[in-house]
Amino acid sequence: MFQSFFPKPKLFFVSVVLWTAVIMTLWYFGAHDWGRYLGLGVATPEDNQIVGIHYFWSPTFLWLYVYYAIAVAIFAAFWFKWSPHPWQMWSIVGSSVILFATYFGVQISVALNNWRRPFFDLVQAAFTEDATTSAADFYNLIWVFASIAFMAIFVFVATRFLISHWIFRWRTAMNDYYMARWKQLRHIEGASQRVQEDTMRFAGIMEGLGVSMIDSVMTLIAFLPLLWSLSGYVTELPIVGAIPAPLFTAAILWSLFGTALLAVVGIKLPGLEFRNQRVEAAYRKELVYGEDDFERAQPMTVKELFGHVRRNYFRLYFHYMYFNVFRSLYLQADNIFVYVLLIPTIVAAGAVGFTYGIMQQVLTAFGQVSNSFQYLVNSWTTIVELLSIYKRLKAFESAIAGEELPDIDKEWLEIHGAPDGDGVEPVGPGV
């Protein structure tokens, strides 16, 4: 799944993490200001509060673009030289472009959040008896919003187009890799389905989950510092009172609680989804053989095979029922959680300078951070499906490496036996 597309996957992903940590550490401990030596201007903290599209060509951003390109060039050059790979342009350079495009999209959200404070403060000021706001003030801010929104649309469409091509290249790499080793793989139960359908589903799910995961990580990088600074407007939290960085702390603890809760109640789902694919594959294969052989797909055999399908689906329905109960309860509570946290601050708004515009910034920043930390909560059912596909493709990896098959595949071979001399797997009802 991975070595077909990435060079030396384990070392590669470890090096990605380590190199990212080095580059980010350098950035936050002084490298963010090195752009002035290239004549790109002096970066200041106020760059992050700019309202308008010129936010994206402030000195901080201009140097970030150059800094990221240099970091990627060094990393790619190392891997191109040390471990050349036929898909390295897509797996290394393409991945780097997608990461940057995703981060840029998140920064658009930050730019929109910067816009919220002056706009909603203007709304609040317009409601006072001695208001001096004019329609022109609102139209100017609406135009600022529109310019940022148009950029958001362009970046979103371009990023999705690139990601779709990137994912299909990964699927192509998997397909080529498995077909080159077909003699080793053909005895695995449902081998043809795993090459065609499972690689397709793996690529499709990775597109959705991968984009969401990258977006969540980039959102945390962009919004956590903002939420930390906005916590200065919140005097205390209900029940616990005053604590350091209250919004920041509450977002992390609440999200960890939800993730742990759903991981516990959904622990049985990956195995059931995997078995569901097996019983469906056995039923489908018997029907396919029945198209050419009158002796196959007889009523008793088909009835027994479909009985396995029915039994496994009913078990899935039961476990998803209580999983959805807990998931729905958590998500509904999440809708109101931040408002509960802000009640003491809203009550004392006049004394602490908490305006309507700041409140909108807090709601947006808290929601972005909370949703990012809740990545597993929001994606758990899709992750379950991906895990089941991973288990099926893992059998391919084991066969190629000459390793022992996973237990669930050994169970199938014990029931059905090894392939016949002509290479056609015997298929029966006992799944």
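Here, the structure is the one placed above.
Computed from a prediction, not measured in an experiment: that's the story for all the values here.

Asks: Please give an account of the overall build of the chain that cites residues and values.
Replies: Helix and strand content of the chain: 13 helices and 0 strands. Start at the N end of the chain and walk to the C end: the helices and strands fall as α-α-α-α-α-α-α-α-α-α-α-α-α. Relative to its 431 residues, the chain shows a buried fraction of 44%. Of all intrachain contacts in the chain linking residues separated by at least 6 positions in sequence, the fraction that spans at least 24 positions is 77%. When the accessible surface of the chain is split by element, carbon and sulfur atoms take 68% of a total near 22400 Å².

Asks: Which residues make up a nonpolar patch on the surface, and what values do they have?
Replies: On the surface, a nonpolar cluster with roughly 470 Å² of combined accessible area is contributed by Ile336, Tyr339, Val340, Ile343 and Val347. Looking at where Val340 falls in the secondary structure, it is placed in helix α9 (residues 299-347). A residue is classified by how much of its surface remains accessible, and Val340, at 37% relative accessible area, is partly exposed.

Asks: Break down the pattern of salt bridges for me, citing the residues and quoting the values.
Replies: Inspection of every chain in the model, using the stated rule, returns 1 salt bridge. With a closest N to O distance of 2.7 Å, Asp33 and Arg36 form a salt bridge.

Asks: Before we move on, could you go through the environment of Val369 and cite the residues and values that matter?
Replies: Turning to its location among the elements, Val369 is positioned in helix α11 (residues 356-373). In this structure Val369 comes out as buried when scored by relative accessible area, which is 0%. Counting along the chain gives 150 residues from Val369 to Thr219, while the straight-line C-alpha distance between them is 6.9 Å. Excluding residues that lie within four positions of it along the chain, Val369 makes contacts with Leu220, Phe223, Leu224, Leu227 and Ala251.

Asks: Report on a positive patch on the surface, specifying residues and quantitative values.
Replies: A contiguous patch of positive charge on the surface is contributed by Lys268, Arg310, Arg311 and Arg315. Of note, Lys268 is situated in the loop between α7 (246-265) and α8 (269-292).

Asks: Residue-level account of the nonpolar core, with values.
Replies: One finds Phe56, Ile108, Phe223, Leu342 and Phe366 to be the most contacted residues of the largest nonpolar core, which totals 57 residues. For this core, the elements supplying multiple residues, two or more each, are α1 (9-28), α2 (59-82), α3 (88-126), α4 (135-179), α6 (191-230), α7, α9 and α11. For this core, the element with the most residues is α3, which contributes 12 residues. Not counting residues within four places of it along the chain, the set of residues in contact with Leu342 comprises Val234, Leu247, Phe354, Val362 and Leu363. Listed in part, the 40 residues of the second largest apolar core include Phe6, Tyr178, Val265 and Val384.

Asks: Tell me about α3, and name the residues and values.
Replies: Helical periodicity: at 3.6 residues per turn, an α-helix aligns residues three or four positions apart in one direction. Counted at 1.5 Å a residue, the expected span for α3 with its 39 residues is 57 Å, and the 56 Å between its end C-alpha atoms agrees. The principal kink in α3, of about 30°, is found at Gly94.

So, how was this worked out
Per chain, residues are indexed from 1 in the order of the written sequence. It should be noted that, the model being predicted, local features are given only for residues of pLDDT at least 70 and side-chain atom pairs only at 80 or more, the latter also being counted only at that level, while totals for whole chains, interfaces and linings use all residues. The side-chain figures draw on all heavy atoms in the structure; neither hydrogens nor water molecules are used. Each helix corresponds to a stretch of at least 4 residues labelled H or I by DSSP, and each strand to a stretch of at least 2 residues labelled E; elements are numbered beginning at the N terminus. Remark: exposure states derive from per-residue accessible area (1.4 Å probe, protein chains only) relative to the maximum for the residue type, with buried under 20%, exposed over 50%, and partly exposed in between. Residue contacts follow a heavy-atom distance rule, with two residues in contact if any of their heavy atoms lie within 4.5 Å. Note that accessible areas follow from Shrake-Rupley with a 1.4 Å probe, and for residues the cover is restricted to the protein chains shown. In this analysis, a patch consists of residues with relative accessible area above 30% that form no salt bridge, clustered at 9 Å for like charges and at 5 Å for the nonpolar side chains Val, Leu, Ile, Met, Phe, Trp and Tyr. Criterion for a salt bridge: a side-chain nitrogen of Lys or Arg within 4 Å of a carboxyl oxygen of Asp or Glu. Charged residues are defined narrowly, with Lys and Arg counted positive, Asp and Glu counted negative, and His plus the chain ends left uncounted. To locate a charge, take NZ of a lysine, CZ of an arginine, CG of an aspartate or CD of a glutamate. Here, nonpolar core refers to any group of buried Ala, Val, Leu, Ile, Met, Phe, Trp, Tyr and Cys residues whose side-chain atoms link them within 4.5 Å. Multiply 1.5 Å by the residue count of a helix minus one, and that product is the helix's expected span. To obtain the bend at a residue, axes are fitted to the seven residues ending there and to the seven starting there, and the angle between these axes is taken.

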